[in-house]
Amino acid sequence: MVVDKLYNLRMRAAQGGSHEQGGTHISGGERITRFSNIQQVAMYLLEKGLTHCKGRPDFMQIQLESIPESVTYVQPLERWANVERFVKEGDTFLKEGKTVAFQLLEIIGIPKKVIDRAVEIVSQYSSMRGAVLIDAHSGKRLDDRGEKGVRVSRLDWLGNDFEKWARYYHVSANSRIREALALAAKVNNHPATIAELCWSDDPDYTTGYVASRKMGYQRIENIKTYGDERGCRIFFVDGQKDIRSYINYLENQPVLITWEG
Ligand code: WAQ
Ligand code: MG
Ligand code: MG
Ligand code: MG
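Looking at an unreviewed UniProt entry, one finds the chain named 6-carboxyhexanoate--CoA ligase, with Virgibacillus dokdonensis as its source organism. Under Subunit (unreviewed entry), UniProt gives the following word-for-word description of the chain: "Homodimer." Its UniProt record, at the heading Function (unreviewed entry), says of the chain: "Catalyzes the transformation of pimelate into pimeloyl-CoA with concomitant hydrolysis of ATP to AMP."

1. Quick notes on the coordination of the magnesium ion (ligand 4)
Four donors placed tetrahedrally about a metal ideally form angles of 109.5 degrees, and six donors placed octahedrally ideally form angles of 90 or 180 degrees. For the magnesium ion (ligand 4), the full set of protein donor atoms is Asp201 (OD) and Asp202 (OD), at a range of 2.1 to 2.2 Å. A separation of 3.9 Å is found between the magnesium ion (ligand 4) and the magnesium ion (ligand 2). Of the residues examined, aspartate 202 reaches a relative accessible area of 5% and is grouped as buried.

2. Concerning the site of ligand 1
The environment of ligand 1 is made up of 23 residues, and the closest members are Gly130, Arg176, Ser200, Tyr205 and Arg219. Take arginine 176: an N or O atom from its side chain is 2.6 Å from an oxygen atom of ligand 1. Within the side chain of serine 200, one N or O atom sits 2.7 Å away from an oxygen atom of ligand 1. Notes on ligand 1: free accessible area 700 Å², of which the protein chains cover 92%. In terms of residues, the shell around ligand 1 owes the most to one element, helix H5 (residues 175-189), which gives four residues. The class makeup of the residues in the shell around ligand 1 is twelve nonpolar, three polar and eight charged.

3. With respect to helix H1 (residues 38-50)
The end-to-end C-alpha distance of H1 is 18 Å, a good match for the 18 Å that 13 residues give at a rise of 1.5 Å each. By the burial criterion, the buried members of H1 are Ile38, Val41, Leu45 and Gly49. Buried residues of H1, viewed axially, fall in a sector of 75 degrees; they line one side. Those residues of H1 that are exposed and aimed more than 90 degrees away from the buried face are Gln39, Gln40, Met43 and Glu47.

4. Let's talk about the domain arrangement of the chain
For the chain, the assigned domains are domain 1 (6-68) and domain 2 (74-257). Once you take the C-alpha centre of each, domain 1 and domain 2 turn out to be 21 Å apart. The interface is formed by 19 residues belonging to domain 1 together with 21 residues belonging to domain 2. It is Glu30, Ile32 and Lys54 that lose the most area in domain 1 upon contact with domain 2, and together they represent 33% of the buried surface on that side. Applying the counting rule to domain 1 against domain 2 returns six salt bridges. Looking at the side of domain 1 that touches domain 2, the elements with two or more residues in it are strand S1 (6-15), strand S2 (24-34) and H1. With seven residues, S2 is the single largest residue contributor to the side of domain 1 that touches domain 2.

5. A look at the pattern of salt bridges
According to the stated counting rule, one finds 20 salt bridges in the structure shown. The salt bridge involving glutamate 179 is made with lysine 48; its shortest N-O contact spans 2.7 Å. Here lysine 48 lies in helix H1 and glutamate 179 lies in helix H5, a separation of 131 residues in the sequence. In this structure lysine 48 comes out as partly exposed when scored by relative accessible area, which is 22%. Two residues, aspartate 144 and arginine 145, come together in a salt bridge whose shortest N-O distance is 3.6 Å. Salt bridges here are not isolated pairs; linked through shared partners, they connect Arg31, Asp156, Glu163 and Arg178.

6. Examining the environment of glutamate 30
Tracing the sequence through the fold places glutamate 30 in strand S2. It is 7.6 Å that separates the C-alpha atoms of glutamate 30 and aspartate 156, two residues lying 126 residues apart in sequence. Among residues more than four places away in sequence, those in contact with glutamate 30 are Leu9, Arg10, Leu45, Arg151, Val152, Ser153 and Leu155. A distance of 2.6 Å separates polar atoms of two side chains, one belonging to glutamate 30 and the other to arginine 151.

7. Observations concerning the side chain of arginine 31
Mapped onto the elements, arginine 31 comes out in strand S2. Looking at arginine 31, its side chain comes within polar contact range of the side chain of aspartate 156, at 2.7 Å. Excluding its chain neighbours within four sequence positions, the residues that come into contact with arginine 31 are Tyr7, Asn8, Leu9, Val41, Tyr44, Leu45, Leu155, Asp156 and Arg178.

8. Notes on the sheet that holds S2
What the three strands build is an open sheet, ordered S2-S1-S3; its pairing is antiparallel. Two strands in the sheet have a free side with no partner beyond their single neighbour: S2 and strand S3 (59-66). Strand-to-strand twist across the sheet, computed as the mean angle between neighbouring axes with direction ignored, equals 10 degrees. Across the face of the sheet, H1 comes into contact with S1, S2 and S3 while running at roughly 165 degrees to S2.

What counts, and where the lines are drawn
- Residues numbered from 1 in each chain as written.
- Chains lettered and ligands numbered in written order.
- Predicted model: local features only at pLDDT ≥ 70, side-chain atom pairs only at ≥ 80, totals over all residues.
- Heavy atoms only, no water.
- UniProt positions renumbered as here; feature names shortened; annotations may be inferred.
- Donors = N, O, S within 2.8 Å, 3.2 Å for Na, K, Ca; no water.
- Buried < 20%, exposed > 50% of the residue type's maximum accessible area, 1.4 Å probe, protein only.
- Near = heavy atom within 4 Å.
- Polar contact = N/O pair within 3.5 Å; in protein donor to acceptor, adjacent residues only side chain to side chain.
- Areas by Shrake-Rupley, 256 points an atom, 1.4 Å probe, with all protein chains shown as cover.
- Helix = DSSP H or I, 4+ residues; strand = E, 2+ residues; numbered from the N terminus.
- Nonpolar A, V, L, I, M, F, W, Y, C, P; charged D, E, K, R; others polar.
- Expected span 1.5 Å × (residues − 1).
- Arc of directions from axis to C-beta.
- Domains from an automatic or database assignment.
- Contact = heavy atoms within 4.5 Å.
- Buried area = accessible area lost by both parts, 1.4 Å probe.
- Salt bridge = Lys/Arg side-chain N within 4 Å of Asp/Glu carboxyl O.
- Pairing = 2+ DSSP bridges.
- Axes fitted to C-alpha atoms, helices over the stretch in contact; angles between N-to-C directions.

Have a look at this one:
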């Protein structure tokens, strides 16, 4: 018996028909688990898809696959920061969350015109399943996935490393943060990633982040206005690197996030 075999579970839910039929993406999720925990993880993904603030799905798929490739172990991003979103003078906010996000991208070295391009993209999309890949130097779109984007899959935290990490940093151990940190760690572990901008399309979730190897995971509250359904993820990529193998890493390379404390 192979005791250590790992399984990837992924879920996608849509409204107005399946994704292939042109339905609107509501929720997605991916987890890696051992055989004994498959049922529990599937229940978690089922609940995630059924209770999403974007609405009730009329299509859902939960897929199980065994992981044949060897797993890469990745550390969470080194720095964790809750960015001071507003510098207040009296009752006046001097900086909006989104301004802080764009300034962080500038510090990382993303040119102003590329940041402007990212702003356009973020306000153009809602209900995307994956991320938009753009060249960090020119702003040119690098993937050919259109409205679907590139969905990062085959990733999770190892065992209860997230709970340990969250306790250490006094961060609420909720599943949204768990999944965002895992995704940021996998994406930014690849040398072709220069930075990631995350801006949820969920109308009730206004916290986003800028992640990079250089600055870690910089969490930004009130990055957008409550109720706004626009948002997506943008990966700023070194266009000199091989994009096909980069996308293959994002979609297929199994990654477990491990934290020793
Ligand atoms: N791969 C690529 N892109 C993804 C993936 C994925 N696995 N999951 C989501 N996206 C993209 C897609 O375009 C979504 O529309 C967009 O990101 C936003 O996803 O510290 O909940 O699930 O409090 O709406 C980040 C802050 C929360 C967490 C992000 O985003 C925190 C969030 P959502
Ligand atoms: Mg989602
Ligand atoms: Mg998500
Ligand atoms: Mg969403």
